[in-house]
Amino acid sequence: MTGLVIVGHGTRSAAGVDQFAALVERVRRRSDVGDVEGGFIELSRPPLTDAVGALVRRGHRKLVALPLVLTGAGHGKGDIPAAMAREQERHPGLTYRYGRPLGPHPLLHTALEERIDAALAGADRAGTGLAGADRASTGLAGADRAGTWVALIGRGSTDPDANAEVAKVARLLWEGRGYAGVEPGFISLASPSVPAVLERLRRLGARRIVVAPYFLFAGVLPDRIVARSAEFAAAHPDIDVRVAEVIGDCDALADLVRERYAEALGGDIRMNCDTCAYRVLMPGFADKVGRPQRPHDHPDDPVGHHHHHGHDHDHHHDHGSVAVVGGGPGPDDLITVRGKALLDAADVVVVDRLAPQGLLAGLRPDVLVVDAAKVPRGPSMAQEAINAALVSHARAGRRVVRLKGGDPYVFGRGHEEVQACTAAGVPVTVVPGVSSAIAAPALAGVPVTHRGVAHDVTVVSGHLPPGHPDSLVDWAALARARGTVVLLMAVDTIAKIASVLIEHGRAPETPVLAVQDAGQADQRSVPARLDEIGAVAAREDIRPPAVFVLGPVVALPTTGPTA
């Protein structure tokens, strides 16, 4: 028969590891399931590579890989398939069929119901010390369900589809079972939190609440559910709060594993792809679309010795990410759709001075905003500190947006930040923005190219003046060019630049336009000749942010600013 490898995420809880092993053994005893092994992608032994290797050594070249997860979040959609792809590289000729996540399923709902009834009957995880109200009466069962509210608490994910499945299970658990109500919540990464759900139930008039962890096995997060529930109970002694056990190793779970195994063998896996954040742009989760999937590195796997996951593993998991986003030339509505979606989903925003500041007002109240401004001749945040902030927040499991003005790869040091993230092993993506080099002239009515007038455009940093030993610009060659030149960061150097361009052959009468605060209500454009622009800019008090565009396109007829 086709071998079965049961794949778990991993936990630091010895009890959780033992429950996983017991389930694998329970499934192994079923005569209708083939050769069985189990392994973890991280944190716990045995690693997945040992489990696959054992099956391969016993002659299996075709496997079913079953993710032992309740919802189709990042572990099931990306991490486990990526880990299995690595096993295929290790074992040429190995093929596998992938099972779907376990839930939602009636067997799980029945198991949850049994755990809730056990809590009602007095089998409270945390003991009688958890309850706030009178706990002398035990043996509560079906007839008492009408007075019992259930808080179904899932792990929480940055995958909206997985969170929605927990809400679906809550509704299915409520239907037909007679509870006063079932409300979903999460212990990490998603809202509402455990205290928030319990407070909601209190306001709805609940006097008895069973907190039901929607977890397979014991672990750090189920323990945290107990702690949060105990804190709430202590603060509300008039409410009877109980915590049910996790689903755990049981026949129902083994039956479900067997069912998913049979589905995979028959090709009937019925994955839900219509609301998968990795395939479809979901509001607030644009960073996930098309994201490459990489396997976790297990400390006992030969490839994993550089990444031991010694951190707290608060299940700010999905490991966080960084998106380097170009915010455009300044106006709030000139950011890209993808950039805005990432900003809406961010936990941390590290923002530049020239990024669209108005967008910050629309962030969620819990978003951390880090000011990374570099003010000309003023305070600034060192690039090394910016890089460190991006990496540290991402490693803490947060979705970080590095919001920059213009385009991050046009004099924005964007690639330096990408390199820092890559070197630290942090997933990073780049979202281009509308560069002020193109936008500022356009908003002032000047095209940087025009048929029969200019067939080339050169964008130059004027931060360093001609003759500076660190300057990489060939000003003499630039002077000989016939097309458009756009100068950024040149307010302090424009007089020197104009003088050198004229010295090397650019016509003194070349038209120049200075555009200050492009796209803003106070945008202004100041025209001049190349041989006059230095004096004119000083007289008109041109200040950053300003863009200088020079060349014959400036002389084209225009209707003025298009903003």
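Residues numbered from 1 in each chain as written. Predicted model: local features only at pLDDT ≥ 70, side-chain atom pairs only at ≥ 80, totals over all residues. Heavy atoms only, no water.

A. Looking closely at unusual backbone geometry. With an omega dihedral of -10°, the bond running from Gly 103 to Pro 104 counts as a cis peptide bond. Going from Ser 191 to Pro 192, the amide bond is cis rather than trans, its omega being 5°. Positionally, Pro 192 belongs in the loop between strand 6 (181-186) and helix 6 (194-203). Positive phi outside glycine occurs at Leu 43, with the angle close to 75°. Turning to its location among the elements, Leu 43 is positioned in the loop between strand 2 (36-40) and helix 2 (48-57). (Helix = DSSP H or I, 4+ residues; strand = E, 2+ residues; numbered from the N terminus.)

B. Quick look at the pattern of salt bridges. Tallied over the full model, the rule gives 38 salt bridges. A salt bridge links Arg 28 to Glu 37, with the nearest nitrogen and oxygen atoms 3.7 Å apart. By relative accessible area, Arg 28 is classed as partly exposed at 33%. Counted as one network, the salt bridges with shared partners bring together Arg 26, Arg 30, Asp 32, Asp 249, Asp 251, Asp 255 and Arg 258. (Salt bridge = Lys/Arg side-chain N within 4 Å of Asp/Glu carboxyl O. Buried < 20%, exposed > 50% of the residue type's maximum accessible area, 1.4 Å probe, protein only.)

C. The sheet that holds strand 13 (residues 428-431), seen in detail. Pairing in this open sheet of five strands is parallel, and the strands run 11-10-12-9-13 from one edge to the other. Two strands close off the open sheet at either side, each with one partner strand: strand 11 (368-371) and strand 13. Averaged over all adjacent pairs, the angle separating strand axes in this sheet is 20°, with direction ignored. (Pairing = 2+ DSSP bridges. Axes fitted to C-alpha atoms, helices over the stretch in contact; angles between N-to-C directions.)

D. View of the packing of helix 1 (residues 14-28) against helix 8 (residues 251-266). Packing of helix 1 against helix 8 brings their axes to within 9 Å, and their N-to-C directions diverge by 60°. Relative to helix 8, the crossing made by helix 1 is right-handed. Residue-level contacts link Leu 23, Arg 26 and Val 27 of helix 1 to Asp 251, Leu 253, Ala 254 and Val 257 of helix 8. (Left-handed = near helix turned anticlockwise from the far one by under 90°. Contact = heavy atoms within 4.5 Å.)

E. Representation of the pairing of strand 12 (residues 399-404). For strand 12, the tally of buried residues reaches six of six residues, placing the bulk of the element in the interior. Of the two faces of strand 12, both are covered, the one formed by Arg 399, Val 401 and Leu 403 as well as the one formed by Val 400, Arg 402 and Lys 404. Alignment of strand 9 (residues 321-326) against strand 12, held across six bridges, turns out to be parallel. When the bridges of strand 12 are listed, Val 324 appears paired with Arg 402. One ladder, built from four bridges, connects strand 10 (residues 348-351) with strand 12; its direction is parallel. Note that in strand 12 the partner of Val 350 across the bridge is Arg 402.

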